[in-house]
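# Coordinate analysis (summary)
As a plain string of letters, each chain reads:
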Amino acid sequence: MRIRLRVSIPATLLLAAWLPAAYGETRAAASPYLKDGTIAYAMTSLRWATYLKPDARVDCPDGVNDGPREQFTALFPDDGQPRVLAETQLRREIQGWFPTTRPDYFPYREPGGTQALGLNLDGKTGPEDFTSLDGEPGIDNQMYRALGCINSWRDAQGINDSLNSGEIVTQDYNRLLVELNGVDDLVNDDAVEVTFYRGLDPLHTDAGGQDILPGGTQRIDVRWGGKYIQRLQGKIVDGVLTTEPSDLLIPWAVFNLPADEYIRDARLRLALAPTRAEGLIAGYADVESWHLQMMKSQSTHCQSYGQQSSMSLYKAMRRLADAYPDPQTGANTAISSALRTTFTQVFILPESKSPLAGAAPPTRAAPYRGTPFPRTPEEEARDFPEVAAATADP
Amino acid sequence: MRGFRASEDMAVSGFNRGSLAGLLLSLLPVPVLAAASPTEGYRSVPTPPGVRVQATELDGPVFADAKGRTLYHWPLGQLRNGPTGDPPGKSECTDVRTEMSAGLMSPYPGGLQLPDLDQRPSCADEWPPFLANARARPVGDWTIIERKDGRRQWAYEGFALYTSALDRKPGDVLGGRPDKRRGDYPVSRQPIKPPPDVPPGFAVTTKTTGRLLVTAKGDSVYASDRDAPGRSACDAECAETWIPVLAPAFARPQGEWSLVERSPGVKQWAFRDRPLYTYGLDGDTNRLKGGDVPGWHNVYLQRAPAPPAGFTVQDTTVGQVLADAEGRTIYTYFCGDDSMDQLGCDHPTQTQAYRLAICGGGDPGRCLRTFPYVPAAENAKSTSRAWSIVYVDPLTGRFAKRGQDGALRVWAFRDRPVYTFSGDRRPGDAFADGHGEFRGQRNGFKAFWLRDDFFNGDQPGPG
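Residue positions are given per chain, counting from 1 as you read along its sequence in written order. Starting at A for chains and at 1 for ligands, labels are handed out in the order in which the entities are written. Two thresholds apply to this predicted model, a pLDDT of at least 70 for residue-level local features and 80 or more for giving and counting side-chain atom pairs, whereas whole-chain, interface and lining totals are computed over all residues. Values reported for side chains reflect all heavy atoms of the structure, with hydrogen atoms and water molecules removed beforehand.

## Looking at the overall build of chain A
To keep it simple, the criterion reads: Working definition: helices are DSSP H or I runs of at least four residues, strands are E runs of at least two. Numbering for both runs from the N terminus. Our radius of gyration is a C-alpha quantity, and the globule rule it is checked against amounts to 2.2 Å times the number of residues to the power 0.38. Between two residues, a contact is recorded if the distance between any of their heavy atoms is within 4.5 Å. Computed with the Shrake-Rupley method and a 1.4 Å probe, the accessible areas treat only the protein chains shown as cover for residues. Only four residue types enter the tally: Lys and Arg on the positive side, Asp and Glu on the negative side, with His and both chain ends excluded. Where a charge lies is defined by one atom per residue type, namely NZ (Lys), CZ (Arg), CG (Asp) and CD (Glu).
Helix and strand content of chain A: 11 helices and 12 strands. Here the C-alpha atoms of chain A give a radius of gyration of 22 Å, agreeing with the 21 Å that 2.2 N^0.38 yields for 394 residues. Overall, the C-alpha framework of chain A stretches about 75 × 45 × 45 Å when taken along its three principal axes. In chain A, once contacts between residues fewer than 6 apart in sequence are set aside, the share between residues at least 24 apart is 71%. Summing over all exposed atoms, chain A offers an accessible surface of approximately 15,200 Å²; the carbon and sulfur share of this is 52%. Looking at charge distribution, chain A has the averaged site of its 38 positive side-chain charges lying 2 Å from that of its 51 negative ones.

Here it is in structure tokens:
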């Protein structure tokens, strides 16, 4: 059974009540999955929390964004003019790999309305914040503004949404495990330790290979996965795990290239059941890390599948970024966001942890800082001067 | 940080990891080597007069013309928007210079004028056809086709043959790619090779570490230090993890291959007297994981030459990558153009327009700072053909003459400079792996992977 989630805090609480029942489970401390105060899960899906509003006039009132193919045609119409590859194709690739904050050549279309999925990350309610589906104000999810009107990222219908999440299961590089220690019971516990590891093994599925079953075993990747060993502190209230904010590195390779997401001040809000967990990972996505992960995952060709222009999206994300200002420039480097996620219970083989005993804590990962010698907006304006002249600087 | 460590695998290399002796041996034809050193063997097949088998450092034995120039073919391949390459019995590589892009790779349309047209060679300039004289007659899998200009051209297994304008000496394989590549790589030329000297059920794959022996299914093959020559010490419990590679009842010893009788009627293949196994916990094909178990080693038919002295190996989240002395990941640049000819654009003698765009946004200075060349120290010497020291003009990216103003003396692999990425901040970072068009498969940078534990062994090493 698959669960389609629209989560806010009250919704998570409802889910917490419903989830065990849905699987015919109890949260008794004697559950075979909770042993010696420990239970572990493997991530089975991960999606940027966009939200399709039922009213299309509100959802994307100006329509969806153009992608590389449409933008190329607009810049270089098929008008019989001879074109030079270095001044067309390569300049577009340059804009993708050396993006700038120069205002876009093309209008950027964002979702309308005031509702979004996510959490209140800063504890405040501001003019840019959304309201949850349950009416909670202060929801921080500027990523939704950036992605919400790009076809490929739209919830459950965009190719990125399904492809990227599918790779969470099929790609061993992305095998993220979460282990809860010090758990007295799965309903209420005021202090649990939450540790992330990377696992080494494929997920345990049913005979059809589609549904992921609990009870599988996982070995911890001690050899290459040290960066992913991360500890957070949390508590369980009414069956919902919440963690204190902490930076989180998530392995997320798509199409066989190593890539990661780096979420600042990440926090989990997961409804727990003995065999499943699901909810949100919310925090501030590091923009440069996000852009790199996307560029490595998708060529311009793949971006074209879902009308996603990497250069337009980068400009939008930098414009909408709302946290972690650069000490030199003052420009924000991270964007509030939320990821919907699901987990299935696994047993971590204790012997696979033994190399960690007495070992120094792994070096904490650092976010990607972006291309070390970026182009300036002025340089970008020189790429297509006629178009640049028609698009005003702010 | 550790120095280069390439000795944990079974020492079956024909090249002494970069020694001068290994270099000299590598330049000799394989039959000479076969008796003297354990270089990769091959099975003899009929060849036309003058065609010989040439040993190479990275690609094993290849067919070459009478002057030792490697022979390549260019089989038809499908790209995003259509096919190109040679169909059987026909050469599409002509003397006519191609001027426009083909639009075979979306989303960009065809009909765009290609860069540096004034210096652009024709396909046949870059890939001279291997011509047959008037008296030549087909032999074995070697046939003769007629080119569009009426000249006769040799073909092997139906596909027209060429040499590469980039190859200068016998044993060079600078023009083509070691193996046919999947994904969005160009339709590439590959060196043609005699059949490998392996029994049915085995195959050989080219890795950055050498010519790796695998089963026909792609599972890596291992040998154990505990085994005496011709005898397996792996008992029933051991064999649950280390699965003996069994030979059929009718198998017979051949060349370097022998048979070990595990129990009456049950035969196990051995190579160079070492019984062979696969590793039950490898998880996927082309893996090197079993070599982590003490006493167990991957089996190579020949090892790749060692990288230059001072280079290091770094652990990453994927496996191991080659790095410079400071631990910075080494990158190679890979480029094939979107023309019907699919010409290369990653060698310093070829157009640099693509590289300068992707490494520096078209600015050679930014390119140099973002992807610096790897300098060769004053006293550094190349000890292999694969790793050489070249002089480049940093602003043009072209080869320079020694002593030329501003020229840099840098390390090159397969005659192409290698780079680091200034966005990598710590040893093991490989942020620029896949930087460029089609995830680095057509115009971009790839990390120099020595080991890949996560992507089915697919992290392609440098071409």
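## A closer look at the confidence of the model for chain A
Rules: Every residue gets a pLDDT, meaning the predictor's confidence in that residue, from 0 to 100.
Counting all residues, the mean pLDDT for chain A is 90, and 91% of those residues have values of 70 or more. Across residues 1-9 of chain A, where pLDDT falls below 50, the model places 32 contacts with residues more than four positions away in sequence or in other chains.

## Considerations on empty space enclosed by the protein
Formally: Cavities and pockets are found on a 1 Å grid laid over the protein atoms alone: a cavity is a set of points where a 1.4 Å probe fits but cannot escape, a pocket is an open set with protein on both sides within 12 Å along at least five of seven lines, and a lining residue has an atom within 4 Å of such a point. Grid points are joined across faces, edges and corners, and a volume is the space filled by probe spheres set on the points. Polar here means any residue other than Ala, Val, Leu, Ile, Met, Phe, Trp, Tyr, Cys and Pro, which are nonpolar, and Asp, Glu, Lys and Arg, which are charged; Gly is therefore polar.
Inspection of every chain in the model, using the stated rule, returns 12 cavities of 30 Å³ or more. Here the largest cavity defines a volume of roughly 170 Å³. Forming the boundary of the largest cavity are 19 residues, of which W127, G175, R177, Q342 and G344 of chain B lie nearest the centre. In this structure, the second largest cavity spans a volume of roughly 140 Å³. Along the walls of the second largest cavity sit 18 residues, with Q89 of chain A together with M105, E437, F438 and R442 of chain B positioned nearest its centre. Broken down by secondary-structure element, the contributors of at least two residues to the lining of the second largest cavity are α4 (89-97) and α8 (300-305) of chain A together with α7 (437-440) of chain B. Along the lines of polarity and charge, the residues of the lining of the second largest cavity split into six nonpolar, seven polar and five charged.

## Brief notes about the state of the cysteines
Going by this rule: Sulfur atoms of two cysteines make up a disulfide when they are within 2.5 Å. Buried means the residue's accessible area, taken with a 1.4 Å probe over protein chains only, is under 20% of the maximum for its type, while exposed means over 50%, and partly exposed covers the values in between.
Tallying each qualifying case throughout the model produces five disulfides over all chains. In this model, C60 of chain A is linked to C149 of chain A through a disulfide, with the two sulfur atoms separated by 2.0 Å. Between C60 of chain A and C149 of chain A, the disulfide has an S-S torsion of -105 degrees and is therefore left-handed. Of this pair, C60 of chain A sits in the loop between α2 (56-59) and α3 (68-75) while C149 of chain A sits in the loop between α5 (142-147) and α6 (159-170), and the two are 89 residues apart along the sequence. The two residues C60 of chain A and C149 of chain A agree in class, both being buried. In this model C359 of chain B forms its disulfide with C367 of chain B; the gap between the sulfur atoms is 1.6 Å. Torsion about the S-S bond of the C359 of chain B and C367 of chain B cystine: about -90 degrees, corresponding to left-handed handedness. Each member of the pair, C359 of chain B together with C367 of chain B, is buried. The disulfide pattern of chain B is 1-2, 3-4, 5-6, 7-8 when the bonded cysteines are numbered in sequence order. Unpaired in terms of disulfides, C302 of chain A finds its nearest cysteine sulfur in C335 of chain B, a separation of 18 Å. On the basis of relative accessible area, C302 of chain A is assigned to the buried category, the value being 4%.

## Considerations on the confidence of the model for chain B
All names here are of chain B. Confidence along chain B averages 90 in pLDDT terms, with 89% of residues attaining 70 or more. Note on residues 1-37: pLDDT under 50 across the span, and 92 contacts to partners over four residues away in sequence or across chains. Scoring of the predicted complex yields 0.92 for pTM and 0.92 for ipTM.

## Describing the interface of chain A and chain B
Using the following cut-off: Put simply, buried area is the surface a 1.4 Å probe can reach on two separate parts but cannot reach once they are joined, added for both. By convention in these notes, a salt bridge is any Lys or Arg side-chain nitrogen within 4 Å of a carboxyl oxygen on Asp or Glu. For the purposes of these results, a polar contact is taken to be a pair of N or O atoms within 3.5 Å, where, inside protein, one atom must be able to donate a hydrogen and its partner to accept one; residues adjacent in sequence count only when each atom of the pair is a side-chain atom.
Counting residues at the interface gives 50 residues for chain A, matched by 54 residues for chain B. Interface of chain A and chain B: buried area, both sides summed, is about 4,400 Å²; carbon and sulfur atoms make up 61% of it. Across the chain A-chain B interface, the total number found is three salt bridges. Here K227 of chain A makes a salt bridge to D429 of chain B, at a shortest N to O gap of 3.7 Å. Our count for the contact surface shared by chain A and chain B stands at 17 residue pairs in polar contact (both at pLDDT 80 or more).

## Let's talk about the pairing of strand β23 (residues 312-315) of chain B
All names here are of chain B. Selection rule: DSSP-based pairing: two strands are paired if at least 2 bridges between them are found.
One ladder, built from four bridges, connects β23 with strand β24 (residues 319-323); its direction is antiparallel. Within β24, the position partnered with Q314 by the bridge is V321. Taken together, β23 and the strand that follows it, β24, pair antiparallel across an intervening segment of three residues.

## Things to note about the layout of surface pockets
Taken as a whole, the second largest pocket encloses approximately 1,000 Å³ of empty space. Of all the secondary-structure elements, those providing two or more residues to the lining of the second largest pocket are β9 (260-272) and α7 (287-297) of chain A together with β23 of chain B. Tallying contributions element by element places α7 of chain A first for the lining of the second largest pocket, with four residues.

## Quick look at α6 of chain A
Residue and element names in this part refer to chain A. Condition: Expected helix span is taken as 1.5 Å per residue step, with the number of steps being one fewer than the number of residues. Think of the arc as the fan of directions from the helix axis to the C-beta atoms.
A rise of 1.5 Å per residue sets the reference length of α6, with its 12 residues, at 16 Å; its end C-alpha atoms lie 16 Å apart and thus fit the reference within 8%. Buried within α6 are the following residues: N160, D161, N164, S165, E167 and I168. Taken around the axis of α6, the buried residues stretch over an arc of 145 degrees, which confines them to a single face. Buried residues in α6 make contact with β1 (39-48), β8 (246-251) and β12 (332-348).

## Here we look at the packing of α4 of chain A against helix α5 (residues 353-360) of chain B
To be explicit about the condition: A fitted line through C-alpha atoms represents every axis, and for helices the fit uses only the stretch in contact; the resulting angles, taken between N-to-C directions, go from 0 to 180 degrees. Any angle that falls under 35 degrees is termed roughly parallel, while one over 145 is termed roughly antiparallel, one within 65 to 115 roughly perpendicular, and all others oblique. The crossing is said to be left-handed when, going from far helix to near helix, the turn is anticlockwise and less than a right angle, and right-handed when the turn is clockwise.
Between α4 of chain A and α5 of chain B, the least distance of the axes is 8 Å, while the angle of their chain directions is 25 degrees. Here α5 of chain B runs roughly parallel to α4 of chain A, going by the angle between their axes. The way α4 of chain A lies across α5 of chain B gives a crossing that is right-handed. In this structure, α4 of chain A contributes L90, E93, I94 and W97 of chain A to the contact, and α5 of chain B contributes A353, Y354, A357 and I358 of chain B. Residue composition of the contact of α4 of chain A with α5 of chain B, grouped by class: seven nonpolar, no polar and one charged.

## Some thoughts on the pairing of β9 of chain A
Residue and element names in this part refer to chain A. Counting buried positions along β9 gives 12 out of 13 residues, so the element sits mostly inside the fold. Pairing of strand β7 (residues 240-243) with β9 involves three bridges; the strand directions are antiparallel. Pairing of T242 across the sheet is with R269, part of β9. Of the pairings in the sheet, the one linking β8 to β9 comprises five bridges and is antiparallel in character. Note that in β9 the partner of I250 across the bridge is E261. One ladder, built from eight bridges, connects β9 with strand β10 (residues 276-286); its direction is antiparallel.

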